[in-house]
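Chain by chain, the residues:
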Amino acid sequence: MKLKQMTLWQLKANSTAFLIFYGILLALAVTLTIVFFSLAGSGYTGTFNFGAAAIGAFFLFVVGCSSFSENLHIAFANGVSRRTHFLSFLLLSVIASAVTAAFGVAVDAIPSLSPATWQPLFTESPWAQFLFFLALNMALMALGYFIAGAYYRMNKAARWIVSICIPAGLIVLAVFTVSAAEVPGMPLSAFAQIFIWMASSLMNAALFWIVFAALFFLFGWLVTRRAGVRQQQAAA
Amino acid sequence: MKLDFENGIPIYLQIADQIEDSILSGVFPEDTQVPSTTEISTLYKINPATVLKGMTLLVDGGILYKRRGVGMFVREGAKEKVRAKRRRAFFDDYVCALLAEAKKLEITPDEIIRMITEGAGK
Amino acid sequence: MIEAKNITKKFRHVTALKRLNVSFGENRIYGLLGRNGAGKSTLLNLITNRLIPSEGFLYVDGMPAMENDTALGRISYMSEDTLYEPSVRVRRMFEWSKLFNPGFDTDYANGLAAKFGLDPGKKFGQLSTGYRSIAKLVATLASGAEYLLFDEPVLGLDANHRQLFYEELLARYAEKPCTVILSTHLIEEVSALIGHVVIIKDGTILLDRPAEEIQDMGFTVSGRKEDVLAWSSGKNILGTQEIGGLMLAHILGDRGAVPENLTVTPLDLQQLFIHLTNA
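Participant: Just checking my understanding: could you explain the overall build of chain C for this structure?
Facilitator: Regarding its fold elements, chain C presents 10 helices and 14 strands. Over its C-alpha atoms, taken along the principal directions, chain C stretches across nearly 65 × 40 × 35 Å. For chain C, the proportion of its 279 residues judged to be buried stands at 53%. Within chain C, contacts between residues separated by at least 24 positions form 66% of all contacts whose residues are at least 6 apart in sequence. When the accessible surface of chain C is summed, it comes to about 11800 Å², and 48% of that surface belongs to carbon and sulfur atoms. Charged side chains in chain C number 29 positive and 33 negative. The centres of these two groups are separated by 6 Å.

Participant: Sorry if this is basic, but what is going on with the packing of helix α5 (residues 129–141) of chain C against helix α6 (residues 159–175) of chain C here?
Facilitator: Any two packed helices are characterised by how steeply their axes cross, that is the angle between the axes, and by the distance between the axes. All names here are of chain C. At a minimum axis separation of 11 Å, α5 and α6 run at an interaxial angle of 5°. Considering the angle they form, α5 stands roughly parallel to α6. Contacts between α5 and α6 involve Tyr131, Ile134, Leu137 and Leu141 from the first element and His161, Phe165, Glu168, Leu169 and Arg172 from the second. Its residues assigned to classes, the contact of α5 with α6 comprises six nonpolar, one polar and two charged.

Participant: Can you walk me through helix α5 (residues 126–153) of chain A in this structure?
Facilitator: Each α-helix turn comprises 3.6 residues. Residues three or four places apart therefore point the same way. Here α5(A) is 28 residues long and its end C-alpha atoms lie 40 Å apart, about the 40 Å a rise of 1.5 Å per residue gives. With 21 of 28 residues buried, α5(A) lies mostly within the body of the structure.

Participant: Got a minute to help me understand the packing of aromatic side chains in this structure?
Facilitator: Any two aromatic rings considered together are summarised by their centre-to-centre distance and by the angle between their planes. Overall, the coordinates contain 32 aromatic pairs over all chains when judged by the stated rule. Here the aromatic rings of Trp127(A) and Phe130(A) are separated by 5.6 Å at their centres, their planes lie at 25°, and the arrangement is stacked. Here Phe130(A) and Trp127(A) lie together in helix α5, a separation of three residues that amounts to about one turn. Classification of Phe130(A) by relative accessible area gives buried; the value is 17%. Ring centres 5.6 Å apart and planes at 70° place the aromatic pair Phe146(A) and Phe216(A) in the edge-to-face group. A residue pair is termed long-range when its members are at least 10 positions apart, and Phe146(A) in helix α5 and Phe216(A) in helix α8 (residues 202–224) qualify at 70 residues. You can call Phe216(A) buried: its relative accessible area is 15%. When the ring centre of Tyr12(B) is taken as origin, the NZ or CZ atom of Lys53(B), which lies over that ring, is 4.4 Å away.

Participant: Explain the interface of chain C and chain A to me, please; I cannot follow it from the model alone.
Facilitator: By a widespread convention, an interface's size corresponds to the accessible area lost as its parts come together. Contact residues are listed per partner, giving 26 residues for chain C and 31 residues for chain A. Summing the contributions of chain C and of chain A, the shared interface buries around 2800 Å²; its carbon and sulfur component is 52%. Counting the surface chain C buries against chain A, the share from its top three residues, Glu67(C), Asp69(C) and Phe100(C), is 27%. Remark: the boundary between chain C and chain A carries one salt bridge. Its salt-bridge partner being Arg82(A), residue Glu67(C) comes within 2.8 Å of it at the nearest N-O pair. In this assembly, chain C and chain A are joined by eight residue pairs in polar contact (both at pLDDT 80 or more).

Participant: Honestly, the side chain of Ser232(C) in this entry has me stumped. Any pointers?
Facilitator: Residues and elements named next belong to chain C. Relative to the helices and strands, Ser232 resides in helix α9 (residues 225–232). Here Ser232 falls in the buried class, since its relative accessible area comes to 2%. A polar atom in the side chain of Ser232 sits 2.6 Å from the backbone oxygen of Val228. In this view, Ser232 contacts Ile237 and Ile251; residues no more than four positions away in its chain are not counted.

Participant: How do you make sense of a nonpolar patch on the surface when you look at a structure like this?
Facilitator: All names here are of chain A. A contiguous nonpolar patch, built from Ile166, Leu170, Leu173, Phe191, Ile194, Phe195, Trp197 and Leu207 and spanning about 710 Å² of accessible area, is present on the exposed surface. Of all the elements in the fold, those that place two or more residues in the nonpolar patch are α6 (156–182) and α7 (189–200). With four residues, α7 is the single largest residue contributor to the nonpolar patch. Of note, Leu207 is situated in helix α8.

Participant: Is there a simple way to explain helix α10 (residues 269–278) of chain C in this structure?
Facilitator: Those residues of α10(C) that sit buried are Leu269(C), Leu272(C), Phe273(C), His275(C), Leu276(C) and Thr277(C). Of the residues that open α10(C), the one with a side-chain oxygen 3.2 Å from the backbone nitrogen of Gln270(C) is Asp268(C).

Participant: I'm lost on the pattern of salt bridges in this one. Help?
Facilitator: A side chain of one charge can pair with a side chain of the opposite charge when the charged atoms of the two come close. Residue and element names in this part refer to chain C. For the structure shown, the criterion picks out 17 salt bridges over all chains. With a closest N to O distance of 2.8 Å, Lys115 and Glu168 form a salt bridge. With Lys115 in helix α4 (residues 106–116) and Glu168 in helix α6, the pair connects residues that are 53 residues apart, well separated along the chain. In this structure, the salt-bridge partner of Arg224 is Glu226, at a minimum N-O distance of 3.8 Å.

Reading the values: rules and limits
Residues numbered from 1 in each chain as written. Chains lettered and ligands numbered in written order. Predicted model: local features only at pLDDT ≥ 70, side-chain atom pairs only at ≥ 80, totals over all residues. Heavy atoms only, no water. Helix = DSSP H or I, 4+ residues; strand = E, 2+ residues; numbered from the N terminus. Buried < 20%, exposed > 50% of the residue type's maximum accessible area, 1.4 Å probe, protein only. Contact = heavy atoms within 4.5 Å. Areas by Shrake-Rupley, 256 points an atom, 1.4 Å probe, with all protein chains shown as cover. Lys, Arg positive; Asp, Glu negative; His and termini not counted. Charge placed at Lys NZ, Arg CZ, Asp CG, Glu CD. Axes fitted to C-alpha atoms, helices over the stretch in contact; angles between N-to-C directions. Parallel < 35°, antiparallel > 145°, perpendicular 65-115°, else oblique. Nonpolar A, V, L, I, M, F, W, Y, C, P; charged D, E, K, R; others polar. Expected span 1.5 Å × (residues − 1). Phe/Tyr/Trp six-rings, centres within 6.5 Å; stacked < 30°, edge-to-face > 60°. Lys NZ or Arg CZ within 6 Å of the ring centre and 35° of its normal. Buried area = accessible area lost by both parts, 1.4 Å probe. Salt bridge = Lys/Arg side-chain N within 4 Å of Asp/Glu carboxyl O. Polar contact = N/O pair within 3.5 Å; in protein donor to acceptor, adjacent residues only side chain to side chain. Patch = residues over 30% accessible without salt bridge, like charges linked within 9 Å, V, L, I, M, F, W, Y side chains within 5 Å.

Here it is in structure tokens:
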């Protein structure tokens, strides 16, 4: 099995992007912290949150999206099966999610080093934050990968339909869910209850996102297992 | 060495003929090594198996012999063998063809003999 | 040995391969020939797991080839499409090839690239069609694999580079035994090179023969139209051409005895191919 090689490739291929991302995040966090605290000294009150972990989650969504096409083609070019390619992506997801979550949580804690007034975003422990972001990261990586894969497999007509109907459908769903949250007995109120449960604690949310991740990794595999090579040329 | 892919003569035979020519003309002296299968195949862009077939033909005919781990060599007495073989074939390859062409042009055998004498005299 | 058993491949609008059976044995140079759209690239893509067959099975050295890293590791495939992003440098492609396949000979690859005048520092997107082909074929020649598959390897190459490719291919073939499958439209160029001919037509195998048998398969008779028609009636005529009172008939089969008033010439591989696939 070429799992080790493929995973190594995944890590190498993404390493530059990750290092740049972490670097920028760190630089921004340090700079903004200094700015905030110099302002705080002059009587300026308010909350400060950087949200590095949240930005990290979004970054991993993008990484997930970019992990389908090129990686699959590298697998094809080097005699690596789709199964090995997908497993290596799973491994990458776990590693990247864990590292990014840890990094994000640590960076968000930088402002707390100063004794000045500061309101953290989360009241729960760093460990709980880490688990939450680990789950969220994996969910978003899986989602990004699945979306990229689904688009790869679809033909032009399907892509148009999906691009319009899915976001529209989600917006409608969101609106109905929010209004249903206030009124019990409405059709989507059970659905809304899940979100209320989820928002009540980080661990609940983490659990939700782990299930979400597992589901979308499964979908991601389904979209990978019979993916064929797209007869496209590199730019002439 | 020149190969003709159009004339219908199998390539391996052409290769064997060409090697014989070279032996006859002294390019490949007796007991020296002839180019390897790989060299010939690479030079003329021919499948190595085809080259090997031609050389094997010569080995079977006692023209070449193989030295293990080294290559193919010209047998002692190969030059004479080739000459004798070609002499025997001369009648079929050249004389009969000459007569057939002459018949097409309605040239009599006497005229041919006169032409040969004239040509030999030059 | 690479074996394809009862392979069928359907795309949305077309069936590219229909119950195709073929095998590629050890240490031979195969010519895989066929018209545009006949199914050559599809077959090669199926063998190398880049497409999944609709029906049928593929084996490499007795192992099922589908989704099998071990079996696939024995094959190096130079395809017409470039699977590397335009931003990837040739040097990087060599490194990755080495990563996935320890048998890859980087020194040999760099030496070969130099012979072709290819700069490994260039990105794929910066290369011309010809140099893209060169980069890919160098990678396959240097792969050290037991099966080397080439799909239109000399696409865009000038005459000098084409000759160089054939020389290097033969040198590689001589140095370490391997099976080569050359899929190409340039039949005349490769006809002396290949040991075995496989012709695909309309998704099935039309012909699968050793190259030396090709010469005896067909011939052309020419002469006066009446004479040619008279002699060739009842024979398997692939096609005819007429110039004035002269007629050429291309016939498949044994020559037998040809009368004096007709001239016989052999049908070479390209002509045989054209006539067989014209129908």
